[in-house]
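Notes for the structure review
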Amino acid sequence: MKIHDLKPDPGSRRPKRRVGRGIGGKGGKTAGRGSKGQGARDTVPAGFEGGQTPLHRRSPKAKGFNNPFRVEYQAINLDVLEGAFDAGTDVGPETLRARGLVHKDGLVKVLGRGELTKALTVRAHAFSASARARIEAAGGRVEEIPSPWAGRRPPARGNQHANR
């Protein structure tokens, strides 16, 4: 079968009804628009929703949407920990900030890029599954610091700068 052999099933394609061609036949006189009223005239704009604020005015104009309750983490990868700390070190947000590896504010998340060969005790607010597995495989320990808002919804705006 080739592309020029393709055709629609019989009866699936019907010709468009041509309305408004005189009184003899089905689409004559009012041509399916009823009599009088808004729908019978050509005055309804394309996006009109019956007086409801239309979609193009309801949608935000700015690009994107910023979730005010977003929790932002500062990421640190295992290859950075491997190069910056000796075996047996207790690594936490304070030690990372002291060495300039993360910013002074915000929550810290450990990600699993790179290899870890040293046994470290790592404390952070969040861990990826691969980072957790690699730290424990290297003989280290993982300690998750609870979030500062303790199970509640974070405050609107500014939670990424929570100095914890």
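Reading the values: rules and limits
- Residues numbered from 1 in each chain as written.
- Predicted model: local features only at pLDDT ≥ 70, side-chain atom pairs only at ≥ 80, totals over all residues.
- Heavy atoms only, no water.
- Helix = DSSP H or I, 4+ residues; strand = E, 2+ residues; numbered from the N terminus.
- Rg over C-alpha atoms; globule rule 2.2 N^0.38 Å.
- Pairing = 2+ DSSP bridges.
- Salt bridge = Lys/Arg side-chain N within 4 Å of Asp/Glu carboxyl O.
- Patch = residues over 30% accessible without salt bridge, like charges linked within 9 Å, V, L, I, M, F, W, Y side chains within 5 Å.
- Areas by Shrake-Rupley, 256 points an atom, 1.4 Å probe, with all protein chains shown as cover.
- Buried < 20%, exposed > 50% of the residue type's maximum accessible area, 1.4 Å probe, protein only.
- Phe/Tyr/Trp six-rings, centres within 6.5 Å; stacked < 30°, edge-to-face > 60°.
- Lys NZ or Arg CZ within 6 Å of the ring centre and 35° of its normal.
- Contact = heavy atoms within 4.5 Å.
- Core = buried A, V, L, I, M, F, W, Y, C linked by side-chain atoms within 4.5 Å.

1. Regarding the overall build of the chain
Regarding its fold elements, the chain presents 4 helices and 6 strands. In the chain, the order of α-helices and β-strands from amino to carboxyl end is α-β-α-β-α-β-β-β-α-β. A compact globule built from 164 residues should have a C-alpha radius of gyration of about 15 Å, whereas the chain, at 32 Å, is more than 25% larger. Summarising its shape, the C-alpha atoms of the chain cover approximately 95 × 50 × 25 Å along the three principal directions.

2. Some points on the sheet that holds strand S3 (residues 107-111)
Here 3 strands make up an open sheet; going across it, the order is S1-S3-S5 and the pairing parallel. Both edges of this open sheet fall to strand S1 (73-77) and strand S5 (126-127), since each of them pairs with a single strand only.

3. Observations regarding the pattern of salt bridges
Counted under the stated rule, the structure contains 6 salt bridges. The shortest N-O distance in the salt bridge between Glu72 and Arg70 comes to 3.2 Å. The partner of Arg123 in a salt bridge is Glu94, with the nearest N and O atoms 2.8 Å apart. Of this pair, Arg123 sits in strand S4 (residues 121-124) while Glu94 sits in helix H3 (residues 93-98), and the two are 29 residues apart along the sequence.

4. A look at a nonpolar patch on the surface
On the surface, a nonpolar cluster with roughly 440 Å² of combined accessible area is contributed by Met1, Ile3 and Leu6. Structurally, Met1 can be placed in the segment before helix H1 (55-58). Look at Met1 and you get exposed, because its relative accessible area is 84%.

5. Considerations on the packing of aromatic side chains
Counted by the stated rule, this structure contains 0 aromatic pairs. If you follow Lys109 out to its NZ or CZ, it ends over the ring of Tyr73, 6.0 Å from the centre.

6. Considering unusual backbone geometry
The backbone phi angle of Lys29 is positive, close to 50°, even though this residue is not glycine. By the secondary structure assignment, Lys29 is in the segment before H1.

7. Here's the deal with the side chain of Ser128
On the secondary structure map, Ser128 appears in the loop between S5 and helix H4 (129-137). Accessibility expressed as a relative area gives 16% for Ser128, which makes it buried. Non-local contacts of Ser128, meaning those with residues more than four positions away in its chain, are made with Lys109, Val110, Leu111 and Gly112.

8. What to know about the sheet that holds strand S2 (residues 90-91)
With parallel pairing, 3 strands are arranged side by side in an open sheet as S2-S4-S6. Looking at which strands have only one partner, the edges of the open sheet turn out to be S2 and strand S6 (141-144).

9. Some details on the nonpolar core
If you look at the biggest cluster of nonpolar residues, it comprises 18 residues, and the most contacted ones within it are Leu81, Leu96, Val110 and Ile135. When residues no more than four places from it in sequence are discounted, the contact partners of Leu81 are Ile76, Val91, Leu96, Val110, Leu120 and Val122.

10. Describing the pairing of S4
Consecutive side chains along a regular strand alternate between the two faces of the sheet. Here S2 pairs with S4 via 2 bridges, running parallel. Opposite Val91, over in S4, you have Val122 as the bridge partner. Pairing of S4 with S6, which is carried by 4 bridges, proceeds in the parallel orientation. Bridge assignment links Val122 to a residue of S6, and that residue is Val142.

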